[in-house]
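# An overview of the molecular structure
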Amino acid sequence: MLELQRDGLTGNLDSIYKVVCGPDNGWLGGTGDCWERGPYWIDGLVPLAYILNDQKLKAKVQKWMDWSFENQRPDGYFGPYPNKDDTPKIKGTQQTKSEDWWPKMVMLKAIQQYYSATGDERAIKLLTSYFKYQLKTLPQYPLNNWTWWGQQRGGDNLQIVLWLYTVTGDKFLLELGELIHKQTFDWTTVFTNNSLRKANPYADLHCVNVAQGLKAPVMYYQLNGGVKYKNAVREGLDALRDVHGFVNGMYGGDEAMHGNDPTQGSEFCSAVEMMYSFESMLPVTGDLYYADYLEKLAYNVLPTQADDKFLRKQYYQQVNQVLVTNEHRHFDCDYISSTVFGTTTGYPCCLTNMHQGWPKFVQNLWYATSDSGLAALVYGPSVVKAKVAGGVEVEFVEKTEYPFSDRIEFTCKIKKPAKFPLHLRIPSWCAEARISNKTGIIQKGKGGEVAIIDREWKDGDVIVLELPMEIKLSRWFENSLGIERGPLVYALKIEEDWKERKTPEHEDPFWEVFPTSPWNYGIPARTIDSMDFRVNAGSKIDPMPWNLKNAPIQISTKGKRIPYWGLYENSAGKIPNSPYPRRDLGTPTDDIILIPYGCTTMRIAEFPVVDLP
Ligand SMILES: [Zn+2]
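Treat the numbers as computed from the prediction; the structure is a model and nothing was measured.

Rules of the game
Residues numbered from 1 in each chain as written. Predicted model: local features only at pLDDT ≥ 70, side-chain atom pairs only at ≥ 80, totals over all residues. Heavy atoms only, no water. Helix = DSSP H or I, 4+ residues; strand = E, 2+ residues; numbered from the N terminus. Buried < 20%, exposed > 50% of the residue type's maximum accessible area, 1.4 Å probe, protein only. Contact = heavy atoms within 4.5 Å. Areas by Shrake-Rupley, 256 points an atom, 1.4 Å probe, with all protein chains shown as cover. Lys, Arg positive; Asp, Glu negative; His and termini not counted. Charge placed at Lys NZ, Arg CZ, Asp CG, Glu CD. Donors = N, O, S within 2.8 Å, 3.2 Å for Na, K, Ca; no water. Tetrahedral: all angles 85-135°; square planar, octahedral: opposite > 155°, others 65-115°. Expected span 1.5 Å × (residues − 1). Pairing = 2+ DSSP bridges. Axes fitted to C-alpha atoms, helices over the stretch in contact; angles between N-to-C directions. Core = buried A, V, L, I, M, F, W, Y, C linked by side-chain atoms within 4.5 Å. Disulfide = S-S within 2.5 Å. Parallel < 35°, antiparallel > 145°, perpendicular 65-115°, else oblique. Left-handed = near helix turned anticlockwise from the far one by under 90°. Nonpolar A, V, L, I, M, F, W, Y, C, P; charged D, E, K, R; others polar. Phe/Tyr/Trp six-rings, centres within 6.5 Å; stacked < 30°, edge-to-face > 60°. Lys NZ or Arg CZ within 6 Å of the ring centre and 35° of its normal.

What follows concerns the overall build of the chain. Secondary structure assignment for the chain yields 19 helices and 26 strands. Along the longest, intermediate and shortest principal axes, the C-alpha atoms of the chain span 75 × 65 × 45 Å. Per-residue burial for the chain yields a buried fraction of 62% across its 613 residues. Intrachain contacts of the chain at a sequence separation of at least 6 include 70% that bridge at least 24 residues. For the chain, the computed accessible surface area is about 23000 Å², with 50% contributed by carbon and sulfur atoms. Within the chain, one finds 67 positive and 74 negative side-chain charges whose respective centroids are separated by 3 Å.

Written out as structure tokens, the structure is:
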């Protein structure tokens with residue numbers, strides 16, 4: 001996925017979206033866009049460049065970093081200079097005052113990652129000086145002075161302030177942290193006072209702000225220590241799931257919060273920002289819930305919102321998505337092109353913000369532990385080099401076809417034997433995990449806990465973690481059925497036809513997608529009663545598994561078409577309540593195939609249940 005990003009939009013946005021991410025960007029001293037879009041791109045390009053160790057991409061990153069370092073004002077202000085002509089020059093952009101605190105919050109995250117990769121001390125100098133500027137200036141020009149976004153997303157600002165404190169120990173950062181918290185939108189109250197549970201109207205919240213705001217209470221918890229901040233997020237996530245939640249882990253938010261009808265949209269920015277919130281909270285709390293949830297988004301939502309070459313993306317995706325066309329849908333913010341696969345289609349924020357998804361996910365596979373060991377808290381094929389046991393260098397090679405396989409193999413490479421603990425997360429969906437070496441099973445682990453293998457490690461030691469996956473059923477909007485197995489959500493396999501189109505509104509062509517096989521299937525109640533779901537896993541997994549053709553796992557089951565269930569405003573119409581009333585539908589019971597949600601473009605993933613007479 002990282003290499004696809006390198007060859008696709010992430011590695012080439014400065015030419016593909018030159019008008020914004022090219023040399024005229026305000027963050028490079030140009031007269032172009034000086035708001036969030038350049039920093040968004042860099043926030044994903046930095047980890048991509050350094051994880052792949054790609055010289056070409058590093059050179060691109062360097063220009064943006066150097067400009068910020070070399071053009072910081074003596075008073076600490078950094079970024080595009082104020083008092084420039086701030087009127088929008090680029091069609092479709094929302095240029096705001098250069099002083100806006102918000103886009104700087106994005107660049108802070110990019111600079112923090114750049115420092116982690118390079119140790120370039122100019123980063124620490126810039127951050128320290130800028131945070132002194134914030135401490136001095138915020139009382140007069142608070143976070144919401146220029147735009148609303150700064151106040152809503154202040155948790156991202158606080159996160160980097162507190163990270164810098166762990167590096168420098170500068171006490172003024174704690175004072176600044178309190179000030180930023182006071183000026184930030186009160187997410188702790190919103191997550192705990194039932195406002196997310198309100199309907200008619202829904203909570204007046206912006207979908208991406210919610211995804212980012214999730215981390216805010218836990219960031220402040222680091223400073224304050226009050227458990228109410230830590231607990232607020234889990235409470236908020238429960239409310240989000242109950243009222244707006246989908247089986248894929250996302251929530252209805254097509255600009256404003258929009259309930260849990262599986263044809264409401266979820267924005268690409270919401271997915272990557274929610275992932276980043278989990279990545280931010282997991283190391284602070286050690287709460288494995290965030291690791292499970294992170295994998296759910298990465299292995300279901302993320303792969304399907306961009307095309308196979310990472311060259312085009314959807315602004316909104318739908319859980320029940322049976323038509324992707326340049327037409328209106330019942331979204332709160334109904335850009336006509338919001339579901340097609342394009343570049344600037346929908347609204348172009350996601351075109352620049354989507355890049356952080358996979359690279360930051362990879363950054364968060366492994367953690368150091370407080371007992372001088374190493375923790376694999378999120379799973380994916382990887383190699384980690386780390387220092388354990390007070391400074392001993394160790395390397396672990398994680399070989400796996402997870403999430404398509406339940407087997408993960410860890411090989412230890414170490415110069416001389418050393419004793420240290422290896423922590424392995426057992427996902428909550430797994431009843432009992434097995435950990436074995438060449439002598440057989442050495443340990444078992446319970447779902448939702450961390451298994452700790454504390455022993456002397458020698459070069460070449462191999463540990464195999466097995467996480468048996470079972471079919472799990474869940475209920476959603478109108479009592480519809482969700483089908484999951486391990487970290488993957490399953491959806492109806494629908495044949496699809498991709499057609500390229502071009503309209504005068506968009507410079508680049510885009511894809512529309514049409515179903516060429518029926519989608520209006522319900523699952524018979526008796527199929528559920530007998531758990532008639534047969535899993536067929538292919539033996540070979542393609543390097544690009546996330547499409548219809550290469551779907552590595554199929555689940556065979558039964559379905560019955562519901563003739564009354566058709567299109568409504570270019571989406572799947574109102575989903576029949578489950579169980580669908582006893583009546584003769586006049587349709588036969590068919591064999592149907594489910595495949596991983598991430599492999600689908602046309603799909604039903606929340607099914608009506610048909611109660612057969
Ligand atoms: Zn977006």
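Anyway, onward from the coordinates.
Distances from the zinc ion to its protein donors, namely Glu267 (OE), Cys269 (SG), Cys349 (SG) and Cys350 (SG), fall within the range 2.1 to 2.3 Å. Classification of the site at the zinc ion rests on its four donor atoms, whose angles at the metal span 94 to 121°, yielding the label tetrahedral. Linear spacing of the donor residues for the zinc ion on their chain is E-x1-C-x79-C-C. Linking Cys269 in helix H15 (residues 268–285) with Cys349 in helix H17 (residues 349–353), this pair joins segments that are 80 residues apart in sequence. Using a relative accessible area of 6% as the deciding quantity, one classes Cys349 as buried.

With 18 residues, H15 extends 26 Å from end C-alpha to end C-alpha; this agrees with the ideal 26 Å at 1.5 Å per step. Among the 18 residues that make up H15, 15 are buried, leaving the element largely enclosed by the rest of the structure. Once H15 finishes, Gly286 follows within two positions and takes phi at roughly 70°, a positive value.

With antiparallel pairing, six strands are arranged side by side in an open sheet as E7-E8-E9-E14-E11-E12. Here the strands that pair on one side only, and so sit at the sheet edges, are strand E7 (382–388) and strand E12 (440–446). Averaged over all pairs of adjacent strands, the angle between their axes in this sheet comes to 25°, without regard to strand direction. Both strand E11 (residues 432–437) and strand E14 (residues 462–466) contribute to a ladder of three bridges, which runs antiparallel. Counterpart to Ile435 in the pairing with E14 is Leu465.

Let us look at the nonpolar core. Of all hydrophobic cores here, the largest spans 198 residues; its most connected members are Met65, Phe131, Met274, Phe396, Phe410, Leu465 and Leu467. Filtering out sequence-adjacent residues up to four positions away, Met274 remains in contact with Ala211, Leu214, Leu237, Leu240, Gly249, Met250, Tyr251, Tyr293 and Leu297.

Attention now moves to the state of the cysteines. Counted by the stated rule, this structure contains zero disulfides. Left without a disulfide partner, Cys333 is nearest to the cysteine sulfur of Cys207, which lies 9.1 Å away.

Looking at the element boundaries, Glu395 is found in strand E8 (residues 392–400). Judged by its relative accessible area of 18%, Glu395 falls in the buried class. Not counting residues up to four positions away in its chain, the partners in contact with Glu395 are Val383, Val384, Lys385, Thr411, Cys412 and Lys413.

Here the focus is the packing of helix H7 (residues 121–137) against helix H9 (residues 154–168). Interaxial distance between H7 and H9 falls to 11 Å at its minimum, and their mutual angle equals 125°. Overall, the two elements H7 and H9 adopt an arrangement that is oblique. For the element pair H7 and H9, the recorded crossing hand is left-handed. Contact residues: H7 offers Ile124, Leu127, Thr128, Phe131 and Gln134, while H9 offers Asn157, Ile160, Val161, Trp163, Leu164, Val167 and Thr168. For the contact of H7 with H9, a count of residues per class yields eight nonpolar, four polar and no charged.

So, on to the packing of aromatic side chains. In this description, an aromatic ring pair is defined by two values, namely the gap between the centres and the angle between the planes. For the structure shown, the criterion picks out 42 aromatic pairs. Ring geometry for Phe278 versus Tyr293: centroids 4.6 Å apart, planes at 35°, classification tilted. Note that Phe278 is positioned in helix H15 and Tyr293 in helix H16 (residues 288–304), a separation of 15 residues in sequence. Residue classification places Tyr293 among the buried residues on the basis of a relative accessible area of 12%. Between Tyr315 and Tyr316, the ring centres sit 4.5 Å apart and the planes meet at 40°, which makes this aromatic pair tilted. Each member of the pair, Tyr315 together with Tyr316, is buried. A connected cluster of aromatic rings, assembled from ring pairs, spans Tyr299, Trp358, Phe361, Trp366, Tyr379, Phe396, Tyr402, Phe404, Phe410, Phe420, Trp457 and Trp546. The residue whose ring lies beneath Arg37 is Tyr347, and the NZ or CZ to ring-centre distance is 5.3 Å. Its guanidinium or amino end placed over the ring of Trp102, Arg153 lies 4.6 Å from that ring's centre, counting from NZ or CZ.

This part takes up the packing of helix H6 (residues 101–118) against H7. Relative to each other, H6 and H7 sit at 150°, their axes nearing to 10 Å. In this view, H6 runs roughly antiparallel relative to H7, as classed from their interaxial angle. For the pair H6 and H7, the sense of crossing is left-handed. Along its contact with H6, which presents Trp101, Lys104, Leu108, Ile111, Tyr114 and Tyr115, the element H7 presents Glu121, Arg122, Ala123, Ile124, Leu126, Leu127, Tyr130, Phe131, Tyr133, Gln134 and Thr137. The residue inventory of the contact of H6 with H7, partitioned by class, reads twelve nonpolar, two polar and three charged.

Here we come to the environment of Pro23. For Pro23, the position within the fold is in the loop between helix H3 (18–21) and helix H4 (37–51). Between the alpha carbons of Pro23 and Trp64 there is a distance of 9.8 Å; along the sequence they are 41 residues apart.

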